[in-house]
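# Residue-level structure breakdown
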Amino acid sequence: MATALQHGYSGQAYSPQGDKGRFVLPPLFRKAVKESSEGRVLCLAKHDRWNCLTGFGLSRRAELDAQVDREEAIAIERGTEFDRDMRSMQLFGFNEVPFDDSGRFVMPDHLTALGCIEDGLYFQGAGRFFTIWNPEELAKMGAGWEAAQAACANLLADAKAKRK
């Protein structure tokens, strides 16, 4: 199976909410997700620290197992507590969401609420995964987020201009 690391997720995109409440996985991300999932399956989860969602392909499962092992080893080395069950639940609690050839998918209701999703999605590549933001939530982020905020504002303005 191809891995998300080989394909990676980079770049930015914006997807307004379409008919029937669907969103579109942008082509930039769609190709990598299809290759890493060997099909049309998008994995979505709430980010563990930021007020956004994460997306990736199915091939990341093996990487998540290794991540739990690494985090547990670090905790043991430092002499700190580590709840392997809780961390596994956080990492493997993602939803597998199908999308069509055009990238259209329906966002699960609970993720819409957790990600504060409204009428559009901003996608930001992050290497092994990508983040999915409500533009208003991204705008609230502090220092270090300026490039993503500027790209989002530009893509949102372009989308609004196209609707006119």
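What comes next is a walk through the structure. As the structure is a computational prediction, the values presented were derived from the model and not from experiment.

Let us now look at the packing of aromatic side chains. Per the counting criterion, the structure on display carries 9 aromatic pairs. Ring centres 6.3 Å apart and planes at 40° place the aromatic pair Phe 23 and Phe 105 in the tilted group. Taken together, the residues Phe 23 in strand S2 (residues 22-24) and Phe 105 in strand S6 (residues 104-106) connect sequence positions 82 residues apart. Across this residue pair, the class does not change: Phe 23 and Phe 105 are buried. For the ring pair Phe 56 and Phe 94, a centre distance of 5.2 Å and an interplane angle of 80° mean the geometry is edge-to-face. On the criterion of sequence distance, the pair formed by Phe 56 in strand S4 (residues 53-56) and Phe 94 in the loop between helix H4 (84-92) and strand S5 (95-98) is long-range, its members being 38 residues apart. Residue class for Phe 56 comes out buried when judged on its relative accessible area of 3%. In textbook terms, an aromatic cluster arises when at least three aromatic residues are bridged by ring pairs, as seen for Tyr 9, Phe 29, Phe 123 and Phe 130. Note that Arg 49 overlies the ring of Trp 50, its terminal NZ or CZ placed 5.5 Å from the centroid.

About the criteria used
- Residue indices follow the written sequence of each chain, beginning from 1 at its first position.
- Thresholds applied to this predicted model are a pLDDT of at least 70 for local features of residues and 80 or more for the giving and counting of side-chain atom pairs; totals over whole chains, interfaces and linings are not thresholded and use all residues.
- Each side-chain value is worked out from all heavy atoms of the structure, with water and hydrogens disregarded.
- Any Phe, Tyr or Trp ring, taking Trp's six-membered ring, that has another such ring centre within 6.5 Å forms a pair; planes under 30 degrees apart are called stacked, those over 60 apart edge-to-face, and the others tilted.
- Elements are defined by DSSP. Helices are runs of H or I of four residues or more, strands are runs of E of two residues or more, and each kind is numbered from the N terminus.
- Exposure classes here rest on a 1.4 Å probe applied to the protein chains alone. A residue is buried below 20% of its type maximum, exposed above 50%, and partly exposed in between.
- Counted as over-ring charges are cases with an Arg CZ or a Lys NZ within 6 Å of the ring centre that also lie within 35 degrees of the ring normal.

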